[in-house]
Amino acid sequence: MKMKKIKKQLNYQPSGLTADQMENPVRLMSYFFADFPIHETRDNLWELYKAWIYHSAAYRDEDLTKNMMCFYTQFLEMVNACYVYAEMTKPKKMIDETN
C-alpha cells in the first residue's frame, strides 16, 4: 500500500524511475555514488550553487536567495544521508564488484 501512495505522489511530476528502481532505490543510490563519488558530488553541487548565485545577483531577491541557501544546505545534507544509507545497505553483489 505504501508503494502505491509513493507512486501516486511521484505521478504529479515525471519521476523517470523504472519499476525496478522504485522497488530497490538503494541500488540506484549506490550506482550514483559509484559514478559520482561523494566528494565529487559535493563539488558539483557547489558549482551549480555558485553559478545560480552569480546569475541571480542582478535580481537581488533576498527571499529567493535565502530559500536557495536553505535548499543548498538541506540538499547537501540529504546527499550525505543518501550516501551513508547507500553504503550501509549496499547489495552484496555490488560489494563484491567493488572489491
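Residues numbered from 1 in each chain as written. Predicted model: local features only at pLDDT ≥ 70, side-chain atom pairs only at ≥ 80, totals over all residues. Heavy atoms only, no water.

### Quick word on the packing of aromatic side chains
Logical step 1: Going through the model one piece at a time under the given rule, you end up with seven aromatic pairs.
Logical step 2: When the centroid spacing of 5.6 Å and the interplanar angle of 65 degrees are considered together, the rings of Trp46 and Tyr72 count as edge-to-face. Of this pair, Trp46 sits in helix α4 (residues 38-56) while Tyr72 sits in helix α5 (residues 62-88); the two residues are 26 residues apart in sequence, bridging distant segments of the chain.
Logical step 3: Residues Tyr49 and Tyr72 carry aromatic rings whose centres are separated by 4.6 Å and whose planes lie at 25 degrees to one another, so their mutual orientation is stacked. A residue pair is termed long-range when its members are at least 10 positions apart, and Tyr49 in helix α4 and Tyr72 in helix α5 qualify at 23 residues.
Logical step 4: On the basis of relative accessible area, Tyr49 is assigned to the buried category, the value being 13%.
Logical step 5: Taking the relative accessible area as the measure of exposure, Tyr72 reaches 15% and is therefore buried.
Logical step 6: Aromatic ring contacts, followed pair by pair, group Phe32, Phe33, Phe36 and Tyr83 into a single cluster. (Phe/Tyr/Trp six-rings, centres within 6.5 Å; stacked < 30°, edge-to-face > 60°. Helix = DSSP H or I, 4+ residues; strand = E, 2+ residues; numbered from the N terminus. Buried < 20%, exposed > 50% of the residue type's maximum accessible area, 1.4 Å probe, protein only.)

### Focus: helix α3 (residues 25-35)
Logical step 1: Listed as buried for α3 are Val26, Met29, Ser30 and Phe33. For α3, the arc enclosing every buried residue in end-on projection is 100 degrees, short of the 170-degree limit, so these residues lie on one face. Exposed side of α3, more than 90 degrees from the buried face: Ala34 and Asp35 are the residues found there. (Arc of directions from axis to C-beta.)

### As for the nonpolar core
Logical step 1: Among the nonpolar cores identified, the biggest contains six residues, and these are Val26, Met29, Phe33, Ile38, Val79 and Ala86.
Logical step 2: Mapped by element, the contributors of at least two residues to this core are α3 and α5.
Logical step 3: At three residues, α3 tops the list of elements feeding residues into this core.
Logical step 4: Excluding residues within four positions of it along the chain, Phe33 makes contact with Ile38, Thr41, Val79, Cys82, Tyr83 and Ala86. (Core = buried A, V, L, I, M, F, W, Y, C linked by side-chain atoms within 4.5 Å. Contact = heavy atoms within 4.5 Å.)

From the geometry alone we can't say anything about function, so treat these as descriptive.
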